[in-house]
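# Examining the three-dimensional arrangement
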Amino acid sequence: MKFSFCILLGSILTFFSCDPTKKEGMPDSSSSLKLTDEQLLDTVQYYTFQYFWKGAEPNSGMAPERIHMDGIYPDNDAHIVTTGGTGMGLVGILGAIERGWISRNDALKRFEKMVSFLEKADRYHGIWPHWLDGKTGKVKPFSQKDDGADLVESAFLMQGLLAVREYFKEGNEAEKALAARIDRLWKEMDWTWHTQGDKKVLYWHWSPNFGWEMNFPLEGYNECLITYVLAASSPSHTIDPQAYHQGWARSGGIKAAQAGGFGFPLQLKHNGAEELGGPLFWAHYSYLSLNPKGLKDQYADYWEENRNQTLINRAWCINNSGNFKGYGEDLWGLTASYSINFYNAHRPGNDTGVISPTAAVSSIVYTPEESMKVIRNLYENYGKKVFGPYGFYDAMSPQHNFYPQQYLAIDQGPMVTMIENYRSGLGWKLFMKAPEVQEGLRKLGFSFQIP
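A few points on the structure. (Residues numbered from 1 in each chain as written. Predicted model: local features only at pLDDT ≥ 70, side-chain atom pairs only at ≥ 80, totals over all residues. Heavy atoms only, no water.)

Below, the discussion takes up the packing of aromatic side chains. Scanning the entire structure with this criterion turns up 35 aromatic pairs. A centroid spacing of 5.6 Å and a plane angle of 70° characterise the contact between Y47 and F387, whose relative ring orientation is edge-to-face. In this pair, Y47 sits in helix α1 (residues 37-52) while F387 sits in strand β11 (residues 387-388), placing the two residues 340 residues apart along the sequence. Taken individually, Y47 and F387 each receive the classification buried, so the pair is uniform in this respect. Ring centres of Y244 and F446 lie 5.7 Å apart, and the angle between their planes is 50°; this geometry places the pair in the tilted category. Of this pair, Y244 sits in helix α7 (residues 241-248) while F446 sits in the segment after α13 (435-443), and the two are 202 residues apart along the sequence. A single burial state applies to Y244 and to F446, both of which are buried. Members of the aromatic cluster, each reached through a chain of ring pairs, are Y46, Y47, F49, W53, W101, Y379, F387 and F392. The ring of W53 has R110 lying over it, and the distance from NZ or CZ to the ring centre is 4.3 Å. (Phe/Tyr/Trp six-rings, centres within 6.5 Å; stacked < 30°, edge-to-face > 60°. Helix = DSSP H or I, 4+ residues; strand = E, 2+ residues; numbered from the N terminus. Buried < 20%, exposed > 50% of the residue type's maximum accessible area, 1.4 Å probe, protein only. Lys NZ or Arg CZ within 6 Å of the ring centre and 35° of its normal.)

Structure follows, in structure tokens:
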């Protein structure tokens, strides 16, 4: 299917460019044109989706770890792709089909390219590394000893791939074949290997050169809940539920006796951030396909936990004890992103005056009105300083006059996916209807909703 336009926003066709690599169509503060909320969400979602479409690494079809608009990559890593970051954007591609921005067949071809790459890329007991060379499929070490399997990033990848499987599994012959190939990759993931012989906890890393020397057990609470859900859901290498209860939940120690702030209680102990909660990506990454609405177990109501973490983060910024320029009801959101010291996991209590747009934008499912204020402020008042060909840049700071034109996949993915989930629930509907996911959640003691 050919489109004579990229995006239709009422009477403002001339305001946008069909080519997101050009500057036309970027916000113009001199324009009297004011977008409705729906038009604004269309705009942000469309441009952010392009990170995973036109911005994809050409050989693999995967998402590059980073895109710098000036073309300067100090580590010569423009061709390095991210497994987890790719998975985070897959629902965004499905949403683009539904919104008529790309054809179903073009998306199918892109997914086939990704799956072909992933089938041949380095894997260890079915688990991919954090980074891969997009040209060769060989591992790019994340750190010296992190040169093998990354269970968490692979979980982020597979939660997106399972949504793709569900989307295509009842389609035509080619679509069913794609779904079957994803299913094989899913069944080849050996989650039990990452218990180091049934230690009742999952471990993040395994290296063919260093074994278990990273020795990082996945204990909550942080961004890793989806890892246990998938490990319990695996039809071929499922874990003992006690790995979740004794490991992740620390035999009940995950529950917070008194935590929270600004009148918003937290039910769980956020690792290293027990009082006010961790960076906001903890409320995003595991819930891009796993529906937090109605998700409960003996430890928490996860919708309430995520919403309250978001409201604490927002209240911290509004309180603005650091007196940072620009902070307020229309500029808040602390999470991990580029920063004035290269990279920082910003959160209440670790606030450098840098706002990460993904924090408020990806929280739109929890705080729609509050997030829309930030989206509108960023788009209308900061314009091209913060919005480029792949949506909002990764970080900004009026305090430090810091407006880098740089992107990270792990921040663009949650934005495009959570906007789609807010608008249609697409990612949640697809993932939650997978029968093995439902079985895995029941196995761990969850109650849940299927949208």
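With that settled, the discussion passes to the pairing of strand β10 (residues 342-345). Here strand β9 (residues 336-339) runs beside β10; their pairing, made up of four bridges, is antiparallel. Looking at the pairing, A336 lines up with A345 of β10. Between β9 and β10, which pair antiparallel and follow one another directly, the connecting turn spans two residues. (Pairing = 2+ DSSP bridges.)

This next bit is on the sheet that holds strand β4 (residues 139-140). Spatial strand order, β2-β3-β4: three strands in an open sheet with antiparallel pairing. The open sheet has two edge strands with one neighbour each: β2 (80-82) and β4. Note: strand β3 (residues 131-133) against β4, two bridges, orientation antiparallel. Paired with W131 across the two strands is K140, which belongs to β4.

Next up on the list: the pattern of salt bridges. One pass over the structure, following the stated rule, counts 22 salt bridges. For R165, the salt bridge identified is with E166, shortest N-O distance 2.7 Å. The same class applies to R165 and to E166, which are both buried. We note a salt bridge from E329 to K373, for which the minimum N-O separation is 3.5 Å. Taken together, the residues span a long stretch of sequence, with E329 in the loop between α8 (302-319) and β9 and K373 in helix α10 (residues 368-382) at a distance of 44 residues. With a relative accessible area of 43%, E329 lands in the partly exposed category. Residue classification places K373 among the partly exposed positions, given a relative accessible area of 41%. A single network of salt bridges, built from pairs that share partners, joins R165, E166, K169, D183, K187 and E436. (Salt bridge = Lys/Arg side-chain N within 4 Å of Asp/Glu carboxyl O.)

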